[in-house]
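Secondary and tertiary structure notes
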Amino acid sequence: MVVRLRSQRQGELLPRFSVILANRDDLPLAEVVRRHRGKQGHENAFKGPLVDLDLHHPPCRGYRANQAFYAYGQMAHLLLRAVQFRLLPKAARRHGIRPLVRHVMRSVARLVRSGRKRWLLFASCCFRRDWLLYAGMRLRIDSG
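Residues numbered from 1 in each chain as written. Predicted model: local features only at pLDDT ≥ 70, side-chain atom pairs only at ≥ 80, totals over all residues. Heavy atoms only, no water.

Points about the environment of Phe 127
Where we set the bar: Each helix is a run of H or I in the DSSP string that is no shorter than four residues. Each strand is a run of E no shorter than two, and both are numbered from the N terminus.
Examined against the element boundaries, Phe 127 turns out to sit in the loop between strand 4 (117–122) and helix 5 (129–143). Measuring from C-alpha to C-alpha, the distance between Phe 127 and His 103 comes to 6.5 Å, with 24 residues separating the pair along the chain.

Written as structure tokens, this is what we have:
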């Protein structure tokens, strides 16, 4: 289908058109356009998680299921950004959330108890132990 775009603010010398490719002939045209534009809005808001979390194709076939997938992805992205800005040092804030997932969320550690002490032993491949230490100190200070 071809939809003519009209500017609300100013008149245009030449008309602009948008082409929407759809294989749904059981829905009215207005519903197909509404669904297409709704999906486009979710995809624009989902660019951060798509790039940072490497989620490019929703796994669901249904329209509502894809909406839920996009909503959960946006919430996960916002929570990771909150962790990044609330718990990590300023040097970690200039990166996207991909390094946060790689260096903090996927950190491998083992809790060892010896006598009356507990130790958290990190794997040697954990590169950003300074971020983990900073986050641990922030959590300790915030919890009182």
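With respect to the pairing of strand 4
Rule in force here: DSSP bridges decide pairing: two strands pair if at least two such bridges lie between them.
Examined bridge by bridge, strand 3 (residues 109–114) and strand 4 share 6 bridges and lie antiparallel to one another. Directly across from Leu 111, in strand 4, lies its bridge partner Leu 120. Between the end of strand 3 and the start of strand 4, which pair antiparallel, lie 2 residues, with Gly 115 showing a positive phi angle near 70 degrees.

Focus on the side chain of Gln 84
Applied cut-off: Burial here depends on accessible area, computed with a 1.4 Å probe over protein chains only, as a share of the maximum for the residue type. Under 20% is buried, over 50% is exposed, and the range in between is partly exposed. Polar contact is the term for a pair of N or O atoms within 3.5 Å; when the atoms are in protein, one must be able to donate a hydrogen and the other to accept it, and sequence-neighboring residues count only if both atoms are side-chain atoms. In what follows, a contact means two residues having at least one pair of non-hydrogen atoms within 4.5 Å.
Mapped onto the elements, Gln 84 comes out in helix 3 (residues 63–87). Judged by relative accessible area, Gln 84 falls into the buried class, the value being 1%. Polar contacts involving the side chain of Gln 84 include one to the main-chain carbonyl oxygen of Ala 92, which spans 2.7 Å. Apart from the residues lying within four places of it in its own chain, the contact partners of Gln 84 are Ala 92, Arg 93, His 95, Gly 96, Ile 97 and Leu 100.

Focus: the environment of Met 105
Structurally, Met 105 is set in helix 4 (residues 98–105). According to the relative accessible area criterion, Met 105 is partly exposed, its value standing at 45%. In this structure, Met 105 is in contact with Leu 80, Val 83 and Leu 100, ignoring residues within four places of it in sequence.

Concerning the nonpolar core
Quick note on the threshold: We define a nonpolar core as any set of buried Ala, Val, Leu, Ile, Met, Phe, Trp, Tyr and Cys residues linked to one another through side-chain atoms lying within 4.5 Å.
In this structure, Leu 80, Leu 87, Leu 88, Ala 92, Ile 97, Leu 100, Val 101, Val 104, Cys 126, Trp 131, Leu 132 and Ala 135 together form the largest nonpolar core, which totals 12 residues. Every residue in contact with Ala 92, bar those within four places of it in the chain, is listed here: Gln 84 and Trp 131.

Re helix 3
Formally: Working rule for helices: expected span equals 1.5 Å times residues minus one.
Look at helix 3: 36 Å from first C-alpha to last across 25 residues, which is about the 36 Å you get at 1.5 Å a residue. Residues of helix 3 that are buried include every one of Asn 66, Phe 69, Tyr 70, Gly 73, His 77, Leu 80, Gln 84 and Leu 87, and no others.

A closer look at a nonpolar patch on the surface
Applicable threshold: The residues that make up patches have over 30% relative accessible area and no salt bridge, and they are joined within 9 Å when like-charged or within 5 Å when they are Val, Leu, Ile, Met, Phe, Trp or Tyr. Each accessible area is a Shrake-Rupley estimate made with a 1.4 Å probe; only the visible protein chains count as cover when residues are assessed. Basic side-chain nitrogens of Lys or Arg form a salt bridge, by our definition, when they fall within 4 Å of a carboxyl oxygen of Asp or Glu.
Where nonpolar side chains cluster on the molecular surface, the patch consists of Val 2, Phe 17, Val 19 and Leu 21 and spans about 480 Å² of accessible area. With respect to the helices and strands, the residue Leu 21 is situated in the loop between strand 2 (16–19) and helix 1 (29–45). Residue classification places Leu 21 among the exposed positions, given a relative accessible area of 80%.

Digging into the pattern of salt bridges
All chains considered together, the criterion is met by 1 salt bridge. For the salt bridge of Glu 31 with Arg 34, the shortest nitrogen-to-oxygen distance reads 2.7 Å. Here the residue Glu 31 and the residue Arg 34 both occupy positions in helix 1, the gap between them amounting to 3 residues, near one helical turn.

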